[in-house]
Amino acid sequence: MNLLLSDHSFPKDLPQKEENHYIDLTQLQIKNCLGCFGCWVKTPGKCVLRDDAVKVYPLIARSKNLIYVSRLYCGCYDEPMKRMMERAIPMQQAFIRLHHGETHHVQRNVVEKKAVIIAYGEIPKQEREIFKKLVERNSHNMLFSDWSISFVSEEHLEQTIRAEVDAWENC
Amino acid sequence: MGKLLIVNGSPRAEKSNSKKYAEIFQSFWPEKADTYSAVSQKSHALFSHIQQYEHLLFVFPLYTDAVPAVLLSFLKELETVPLAKSVKIHVIINCGFLEPKQNEVALSILRYFCKKNHLVFGMALGIATGEAILATPFAFLVRRKMKKFVKGILAGKSETLTTAMPLSKQLFLKASAQYWKNYGKQFHTSEEEMRSLKIEGE
């Protein structure tokens, strides 16, 4: 399965295939994570907040190819994407394992994925460096087998998204 | 010394470990500190008097390797209001993992926030094993480092301190598993249920 998750509108004429899913976060109602650990200790694998996020994280878990499109803020994903990532922790267990020599949460049925992160906007060099380190850390916690980051202006965002979606054909 | 505001950036607010760390901080801070919870979304009232603070202390948990979204929201609002000219930013961050280095990216984000807004970054304390350490005999390590953290602020230093339970990886895995099993028991959830591989929708 292939998933595009974006905090920005994207081209409406992307290839319509059963295995492709395109999600525009701006069209969804997603609240902040409560930090209640309910998805670990009360209803394992299921968030207690029943808003649109519950439709998204099962798709993230199942996707083999994943494209995140996000504006950055201070070297971090901006709020909409960050909020969604926080709401995706039902994909993990509370329990800790060793992964690449570090302690990380055990994953539930999460497919190892190739991730492409498209960070858009005017992004200074130092902010890019912070973001690269963040994605590297995410790769351990989000089962990225392979990942890359494209820094693009908002003006070039649409064509970058289109090119990355087209690249799914060769995966 | 100047007035200090503690900003709790945890989504759990009143029930958070961040609140407990803030309380330990206050036990060493020589004056009464004010507190604000980012989830309260009462920033308008706070910003009417925020210029009185010489120190802003952000206390928060690591969320998906970075700063919680609720705190990002507050930071964005904060950069739109004038602060005291000599204000300094300090940070206490905690994560549930064994390695203090897992907090480093989040600290870089706060440092960048300071640089972007021409603010002075002061002291940082990165706590690993932060979900459980206060309930263990190793809680004294946090208090000891917090005392040093407070001294650093008072001396005008800019340093990063770290602390964690001094456990081997294998022992940490065992201890954390027990911690979470006990947590689940409070909700009558068995270890087997907690270890389910299923994600809703399957």
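Residue numbers restart at each chain and count upward from 1, following the sequence in its written direction. Chain labels run from A onward and ligand labels from 1 onward, assigned in the order the entries are written. Owing to the predicted nature of the model, reporting of local features is limited to residues with pLDDT of at least 70; listing and counting of side-chain atom pairs is limited to 80 or more, with chain, interface and lining totals taken over all residues. Calculated side-chain values reflect all of the structure's heavy atoms, with hydrogen atoms and water omitted.

Details of the domain arrangement of chain B
All names here are of chain B.
Link 1 in the chain: Segmentation of the chain into domains, including their bounds, is taken from an automatic or database domain assignment. By domain assignment, chain B separates into domain 1 (3-166) and domain 2 (168-202).
Link 2 in the chain: Taking only C-alpha atoms, the centre of domain 1 and the centre of domain 2 are 29 Å apart.
Link 3 in the chain: Any two residues whose heavy atoms approach within 4.5 Å at even a single point are treated as in contact. The interface is formed by 9 residues belonging to domain 1 together with 6 residues belonging to domain 2.
Link 4 in the chain: For the pairing of domain 1 and domain 2, the buried interface totals around 540 Å² over both sides, and the portion due to carbon and sulfur atoms is 69%.
Link 5 in the chain: In this description, buried area is defined as the sum, over both parts, of the accessible area (probe of 1.4 Å) that is lost when the two are combined. In terms of surface lost to domain 2, no three residues of domain 1 exceed Leu98, Glu131 and Ala132, which account for 62% of the buried area on that side.
Link 6 in the chain: Salt bridge criterion: a side-chain nitrogen from Lys or Arg within 4 Å of a carboxyl oxygen from Asp or Glu. The tally of links from domain 1 across to domain 2 stands at 0 salt bridges.
Link 7 in the chain: Under this definition, polar contacts are N or O atom pairs within 3.5 Å; protein pairs additionally need one hydrogen-donor-capable and one acceptor-capable atom, and for neighbouring residues in sequence, both atoms have to be side-chain atoms. Inspection of the region where domain 1 meets domain 2 yields 1 residue pair in polar contact (both at pLDDT 80 or more).
Link 8 in the chain: Here the nonpolar group is Ala, Val, Leu, Ile, Met, Phe, Trp, Tyr, Cys and Pro; Asp, Glu, Lys and Arg are the charged ones; every other residue, Gly included, is treated as polar. Of the residues contributing to the side of domain 1 that touches domain 2, the split by class is 4 nonpolar, 2 polar and 3 charged.

Observations regarding the nonpolar core
Link 1 in the chain: Nonpolar cores are built from buried Ala, Val, Leu, Ile, Met, Phe, Trp, Tyr and Cys residues. Side-chain atoms within 4.5 Å join them into one set. Partly exposed residues are those whose accessible area sits between 20% and 50% of the maximum for their type, while under 20% is buried and over 50% is exposed, using a 1.4 Å probe and protein chains only. Core analysis: the largest hydrophobic core is formed by 110 residues, its most contacted members being Phe25 and Phe58 of chain B.
Link 2 in the chain: In terms of residue count, helix H4 (residues 104-116) of chain B provides more of this core than any other element does, 8 residues in total.
Link 3 in the chain: Shared between two domains, this core takes at least three residues from each, and those domains are domain 1 (3-166) and domain 2 (168-202) of chain B.
Link 4 in the chain: With 14 residues, the next largest nonpolar core counts Leu14, Tyr22, Ile67 and Val165 of chain A among its residues. Think of it this way: any DSSP run of H or I at least four residues long counts as a helix, any run of E at least two long counts as a strand, and we number them from the N terminus.

Re the interface of chain B and chain A
Bring the parts together and some accessible area is lost; that lost area is often taken as the interface size.
Link 1 in the chain: Counting residues at the interface gives 50 residues for chain B and 55 residues for chain A.
Link 2 in the chain: When chain B packs against chain A, close to 4,600 Å² is buried across both sides, 62% of that on carbon and sulfur atoms.
Link 3 in the chain: Together, Tyr112, Ile199 and Glu200 of chain B form the three largest contributors to the area buried by chain B at its contact with chain A, with a combined 16%.
Link 4 in the chain: Across the contact surface, chain B and chain A share 4 salt bridges.
Link 5 in the chain: In this structure, Lys101 of chain B engages Glu102 of chain A in a salt bridge whose closest nitrogen and oxygen atoms are separated by 3.1 Å.
Link 6 in the chain: In this structure, the connection of chain B to chain A is made through 25 residue pairs in polar contact (both at pLDDT 80 or more).

So, helix H6 (residues 169-185) of chain B
Link 1 in the chain: Between its first and last C-alpha, H6 of chain B extends 24 Å over 17 residues, near the 24 Å set by a 1.5 Å rise per residue.
Link 2 in the chain: Along H6 of chain B, the positions that sit buried rather than exposed are Phe172, Leu173, Ser176, Ala177, Trp180, Tyr183 and Gly184 of chain B. Projection of H6 of chain B onto a plane perpendicular to its axis shows the buried side chains occupying an angular sector of 130 degrees, all on one side. Along H6 of chain B, exposed side chains directed more than 90 degrees from the buried face belong to Gln170, Lys174 and Lys185 of chain B.
Link 3 in the chain: Contacts from the buried residues of H6 of chain B go to helix H1 (38-41), strand E5 (92-99) and strand E6 (102-107) of chain A together with helix H7 (191-194) of chain B. Multiplying one less than the number of residues by 1.5 Å gives the expected span of a helix. Relevant arc is that of directions from the helix axis to the C-beta atoms, nothing else.

Focus on the packing of helix H4 (residues 125-141) of chain A against H4 of chain B
Link 1 in the chain: Closest axis-to-axis distance for the H4 of chain A/H4 of chain B pair is 10 Å, and the angle between their directions is 165 degrees. By the criterion of interaxial angle, the relationship of H4 of chain A to H4 of chain B is roughly antiparallel. Helix-helix and strand crossings are classified by hand; for H4 of chain A and H4 of chain B the assignment is left-handed. For the pair H4 of chain A and H4 of chain B, contact is made by Gln126, Glu127, Ile130, Lys133, Leu134 and Arg137 of chain A and by Val105, Ser108, Ile109, Tyr112 and Lys115 of chain B, respectively.
Link 2 in the chain: Looking at the contact of H4 of chain A with H4 of chain B, its residues break down into 5 nonpolar, 2 polar and 4 charged. Every axis corresponds to a line fitted to the C-alpha atoms, with the helix fit spanning only the stretch in contact, and the corresponding angles, defined between N-to-C directions, vary from 0 to 180 degrees. Every angle not falling under 35 degrees, over 145, or within 65 to 115 is termed oblique; those three ranges are roughly parallel, roughly antiparallel and roughly perpendicular. Crossings are assigned a handedness: left-handed for a near helix turned anticlockwise from the far helix by less than a right angle, right-handed for a clockwise turn.

Some words on the packing of aromatic side chains
Link 1 in the chain: Ring geometry is summarised as follows: Phe, Tyr and Trp rings, the Trp one being its six-membered ring, pair when their centres sit within 6.5 Å, and such pairs are stacked at plane angles under 30 degrees, edge-to-face over 60 and tilted between the two. Enumeration according to the criterion identifies 18 aromatic pairs over all chains in this entry.
Link 2 in the chain: Between the aromatic rings of Phe131 of chain A and Phe151 of chain A, the centroid separation amounts to 6.2 Å while the plane-to-plane angle is 70 degrees, which identifies the pairing as edge-to-face. Pair noted here: Phe131 of chain A is in helix H4 and Phe151 of chain A is in strand E8 (residues 144-152), with a separation of 20 residues, a long-range link. We note that Phe131 of chain A, like Phe151 of chain A, is buried.
Link 3 in the chain: The interplanar angle of 15 degrees and the centroid separation of 5.1 Å between the aromatic rings of Trp180 of chain B and Tyr183 of chain B together place this pair among those described as stacked.

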